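Structure assessment
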Amino acid sequence: MTADSEIEINEAFQRSQKGHNNKAKLVASLKSRYNKLEDKTLFHEEFVHYLKYAMIVYKREPSVENVIEFVAKFATSFQSPPKMDEEEEEEEEEEEDEEAEDDHPFLSFIFNFLLESHKANSHAVRFRVCQLINKLLGSMAENAQIDDDLFDRIHQAMLVRVTDKFPNVRIQAALAMTRLQQPKEPDCPTINAYMLILENDSNAEVRRAVLSCIAMSPRTLPKVLKRTRDIKENVRKLAYQVLAEKVHIKALSIAQRVSLLQQGLRDSSEAVKEVVRSRLLPAWLQRLDGDVVELLHRLDVENCAQTALDTLKAIFANTPTDELLQNRLQLDNRRLIPVDLLSCENVLYWRSLCEFIKSKGDEGDEMLEQVLPDAATYADYLYGYLKAVPVLSEEQRADFNQLELVMTKEFVSQQLIYLTGCLDTNEEGGRKRVLAVLQEMLALPQTPSSLVSLLTEKLLNLIPDDHRRTQTVAEIISDVREPIMEDTQPVNENESRRQQVQLAEVKVRILEAKQSLEDCITAQEFSQAAELKDSITELENHRNQIIQDIAESSQPADKEIRTEKNDPETLLRCLTMCAELLKQMNIKTRMGPTMSALMSSLILPSIANAHPAVRNMAVVCLGTCTLHSKELANTHMVLLLQIAQLDEVKIRISALRAVIDLLLLFGFQLLSDRPASQTAPPSHSPDRQEEEALSAEEKGDAPEDTAQSILMMLSEFLDSEVSDLRTETAEGLAKLMYTGRISSAKMLSRLVLLWYNPVTEDDTRLRHCLGVFFQLYARENRAHQEVVEESFLPTIRTLMNAPATSPLAEVDISNVVELLVELTRPSALIKPSTNTEVCVHNYLAVRVCGEMLKDPTAPEVRLYAKTLSNLELSTDGTIRRDLLTLLQQITQVVKDRICLRAVEKMIDQLVDSKEQAELLNASALQPLDVNADETATEDPSKSAKRPKRGQRKGSTAKGGRKPSRRAESSEESDGENVPESVPVARPSRRAKVAALEKTKLDLSALINQEANMSS
């Protein structure tokens, strides 16, 4: 053996630090030296001695990482090579005797050393221990075996380390347990620990590490699926990657597949969307042999059509253009799917393909001609299919199979109607044919009600002019509601019998007269014969008249008359068409005579209809009509308000939306033009003085009673037990406040409390709406931040005074404080205010100081002190001197040390050392004036010369922008002292992130679970 073949331990460690060295040669050289030694103890001790130098380094230095990699390779090089299956079978009987020899002494020594060190005080050592165990286990062969006792020791140690307070330690411990999982065991400790980490660990990288190594099983799959909704983008991205690689599409339920695609393709992160498009969907298609229609069969396309369309769009975007046309389904020579082959999946695929090709613009026109016929041919095809949709009777609707068949046909019809938007309607003949088919289908009574809205929308899209649209829809409504009927009068049998008798008498008289005539001619009495001949002529004329009368009476007369239909189904169809027309009309289009006629003959009478669906659609039409005419809005505002309070929930919500839209469009001044004969709807709770004050404060120029009633009604709806009504009200108030129609600190406080209220935890739409609103509202302008600042104390007082039985008692007040402080931060404004204005946080500080002086011994004083330390305060202006005075008063009355430190820290920020000494001396020489305290406590903002509330709210109802404090501060400033924002000593956490996490995850149950486990 040459000298190069054997190296010293220290030299091996030095050379292993360099990445360009061949570690396999180093391992072979050091192993050769080790094998020649009889006493291995010294080698073990020296090896560990040099290893410790690397283990105390926490930073991921490349040289240290190279050493760790070398140690892992050297230790695992002593492991026995993997045995073949035949050899294992031959040696099964000898396994027990050789168990002691399976683990090499050096490998066992390294494991023992690491397991003894995992409880070290140094987090660097704990990190390197877990990292080495991870690399040692990972470097072993797939079928490697270790002693059961060693397995248990490693397992127990890593279970402890996955709860380490350092995230990097937890990551390496989780990775080290990868090969210790036993997915088939129902109570595997490793998998239990993994699932607990996925649910509870606050560090995103730890959750990612567990996701990358957790074994898939029916127990772990729901936890991995839940991580697709993780708050961190990287965790969601990895969760989709793991599902694409490890989970077969058949292992997921239909609901899980739809949920994954729905959330993934609509994720806020583009990286997550890309993973779904480029990894998850191709993996699913690969397992289905690339059959896209088969993938649609695995989804619920009837109930989740939009998700299926998003999925198809993502697939088409990653498919070459030439392959798109190769998968043209079962199109015949007319470029149509035969009617007997139409299904929900292939018609949705056809629609999505056509829409995707049309979205390419001029490039896709030629391709579109290959998958879609001309407009006239398609119109006839659509007409034939729609007419074949059966109409079920009440007895047939009880049969689920027949009902399901009709629902399927309606879904297919819906997709075929959507396809009309892809047709080339530039050619006059084709467009006219499509228009005629759509109009005829709307007029047919057997057309399903579910298709009326869509048919109307596609019809109106083909008519560009609003006047023609109105005329067309009005004609269809007239044909539907007043169809032409044939009025058939029954034959009068008595009259017919009388006419027959009369005819018989005339015939007899004619016969008698003819006989007399012959006798007169025979007797040559020619004068009498002439008279008889004249009478016979008269009798024959009479006979002919009677015969004609009999013929006319035997054929009943058919008359065309119009009969008005007022059944609920007909009214609902007509109102649906009217609502779609109003939705498509330009908002600036005035109400013409045709629409006025529809209003008086259809919409208003339907408001009082007994059928709820008819009333709801009538309210929708009425609300939309009023948006086109201020006069109509004045006339029907009170009616909408009454409906919003008295009808069924769904109709109340429709009326509430109409009221909100009117206030958004016209403002509260709309109420000032209301006819004097109308009165406001009665209030539900006249004893609510606070809300009355709020209403009176914000009514502006509007009549006091109506404005007050509207705001009180909205305030009561916020307390409603009906979640949909509560959510709609909150969303409406958010819109009114954001657009400046309402400016109310009390109403904003109500919305903040509603957002944090545990009762609304399951109302995702409400939480999302308010969460977005608070950020946009506060960042819009300074005036909005003033409203947020004004709502600070009312919100905190409400939470402080909440009884123990109230859900608000569970709210984390410090979290609410952090949110309000973040929303009022000057740096959060989209357009920062001019430097002549005093910072909003200064006024908030004055309010908080006044609250602390009210009761210096109250428990919330510490919370207020913490709030003060998180504010961005300007150091110039009169407000600073007033604030310093208040802070000095606080230092004399507050005894809590933590509060005092926070207050003194604020004083240091606001003044320099010389000014602070003078201020301290002045406060020491002059005793504290109790009356001054009371004055500051009662209204601390007066000393700051804040603008009066009335000055800021005077034009609220008119929707104008509120005057800011710029005028007040400009009077006090000479233009040279520009207030500057001082960086806070300890920046606060991002309250918005914390608040969102609070809404998504309730930790109380998990904390209780951990407490039970620990006990």
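The shown structure was predicted, so the numbers you read here are calculated from the model rather than taken from an experiment. (Residues numbered from 1 in each chain as written. Predicted model: local features only at pLDDT ≥ 70, side-chain atom pairs only at ≥ 80, totals over all residues. Heavy atoms only, no water.)

What follows concerns the overall build of the chain. Of the regular secondary structure elements, the chain holds 53 helices and two strands. Counting across all 1015 residues of the chain, residues that qualify as buried make up 47%. Taking as baseline every contact in the chain between residues at least 6 positions apart, the subset at least 24 positions apart corresponds to 74%. If you sum the accessible surface of the chain, you get close to 50,800 Å²; carbon and sulfur atoms cover 49% of it. (Helix = DSSP H or I, 4+ residues; strand = E, 2+ residues; numbered from the N terminus. Buried < 20%, exposed > 50% of the residue type's maximum accessible area, 1.4 Å probe, protein only. Contact = heavy atoms within 4.5 Å. Areas by Shrake-Rupley, 256 points an atom, 1.4 Å probe, with all protein chains shown as cover.)

It is worth spelling out the side chain of Ser629 at this point. Structurally, Ser629 is set in the loop between helix H32 (612–628) and helix H33 (630–646). In this view, Ser629 contacts Arg590, Met591 and Phe666; residues no more than four positions away in its chain are not counted.

A few words on the nonpolar core. Within the largest apolar cluster, 276 residues are counted, with the highest numbers of intra-cluster contacts made by Phe47, Trp350, Leu416 and Leu887. Per-element accounting of this core gives the leading share, ten residues, to helix H34 (residues 649–666). Ignoring sequence-local partners within four residues, the contact set of Leu416 consists of Leu342, Val347, Trp350, Tyr378, Tyr381, Leu382 and Tyr385. The next biggest cluster of nonpolar side chains, apart from the first, holds twelve residues, and it includes Leu503, Val506, Ala513 and Ile550. (Core = buried A, V, L, I, M, F, W, Y, C linked by side-chain atoms within 4.5 Å.)

Orientation of helix H30 (residues 568–584) relative to H32, taken along the N-to-C sense of each, is 25°, at an axis distance of 9 Å. Taken as axis vectors, H30 and H32 run roughly parallel relative to one another. Relative to H32, H30 is oriented so that their crossing is left-handed. In contact with Pro568, Leu571, Leu572, Leu575, Thr576, Cys578, Ala579, Leu582 and Lys583 of H30, H32 contributes Ala613, Val614, Met617, Ala618, Cys621, Thr624, Cys625 and His628. (Axes fitted to C-alpha atoms, helices over the stretch in contact; angles between N-to-C directions. Parallel < 35°, antiparallel > 145°, perpendicular 65-115°, else oblique. Left-handed = near helix turned anticlockwise from the far one by under 90°.)

Turning next to the packing of helix H40 (residues 782–790) against helix H41 (residues 792–800). Between H40 and H41, whose axes approach to 4 Å, the crossing angle comes to 30°. When the axis of H40 is compared with that of H41, the two are roughly parallel. On H41, the residues touching Val788, Glu789 and Glu790 of H40 are Phe792, Leu793 and Pro794. Per-class residue counts for the contact of H40 with H41 are four nonpolar, no polar and two charged. (Nonpolar A, V, L, I, M, F, W, Y, C, P; charged D, E, K, R; others polar.)

The next point concerns H40. Counting buried positions over the nine residues of H40 gives nine, a clear majority of the element. Those residues of H40 that fall on the buried side of the exposure criterion are Arg782, Ala783, His784, Gln785, Glu786, Val787, Val788, Glu789 and Glu790. For H40, the capping residue at the N-terminal end is Asn781, with a side-chain oxygen 3.2 Å from the backbone nitrogen of Ala783. (Polar contact = N/O pair within 3.5 Å; in protein donor to acceptor, adjacent residues only side chain to side chain.)

Attention shifts here to the state of the cysteines. One way to say it: the disulfide is the covalent bond shared by the sulfur atoms of two cysteines. Applying the stated rule across the entire model yields zero disulfides. Distance from the sulfur of Cys422, which forms no disulfide, to the nearest cysteine sulfur (Cys354) is 5.4 Å. Left unpaired, Cys574 is separated from the closest cysteine sulfur, that of Cys578, by 9.2 Å. Overall, Cys574 belongs to the buried group, its relative accessible area being 0%. (Disulfide = S-S within 2.5 Å.)

This part covers the packing of aromatic side chains. Within this structure, the stated rule accounts for 21 aromatic pairs. Judged by centre distance (5.9 Å) and plane angle (80°), the ring pair of Phe13 and Phe70 falls under edge-to-face. Residue Phe13 is found in helix H1 (residues 9–16), and its partner Phe70 is found in helix H4 (residues 62–76); the two are separated by 57 residues along the sequence. Judged by relative accessible area, which is 5%, Phe13 ranks as buried. For Phe70, a relative accessible area of 0% translates into the label buried. (Phe/Tyr/Trp six-rings, centres within 6.5 Å; stacked < 30°, edge-to-face > 60°.)

The grouping of Tyr738, Val772 and Leu776 at the surface amounts to a nonpolar patch, some 230 Å² of accessible area in total. Along the chain, Tyr738 falls in helix H37 (residues 723–738). Residue classification places Tyr738 among the partly exposed positions, given a relative accessible area of 34%. (Patch = residues over 30% accessible without salt bridge, like charges linked within 9 Å, V, L, I, M, F, W, Y side chains within 5 Å. Salt bridge = Lys/Arg side-chain N within 4 Å of Asp/Glu carboxyl O.)

What follows covers a negative patch on the surface. A contiguous patch of negative charge, built from Asp362, Asp365, Glu366, Glu369, Asp374, Asp424 and Glu427, is present on the exposed surface. Residue position: Asp374 is located in the loop between helix H21 (362–371) and helix H22 (375–387). (Lys, Arg positive; Asp, Glu negative; His and termini not counted. Charge placed at Lys NZ, Arg CZ, Asp CG, Glu CD.)

Let us now look at the confidence of the model for the chain. Reading fine detail from the predicted coordinates is not recommended where pLDDT is low. When pLDDT is averaged across the chain, the result is 79; 80% of the residues are at 70 or more. The lowest-confidence element of the chain is helix H51 (residues 966–972), averaging 36 in pLDDT; the highest-confidence one is helix H14 (residues 233–246), averaging 94. The low-confidence segment residues 676–702, where pLDDT is below 50, has 60 contacts with residues more than four positions distant or belonging to other chains. Here residues 922–1015 is modelled with pLDDT under 50, and outside its nearest four sequence neighbours on either side it reaches 143 contacts, counting other chains as well. (pLDDT = per-residue confidence, 0-100.)

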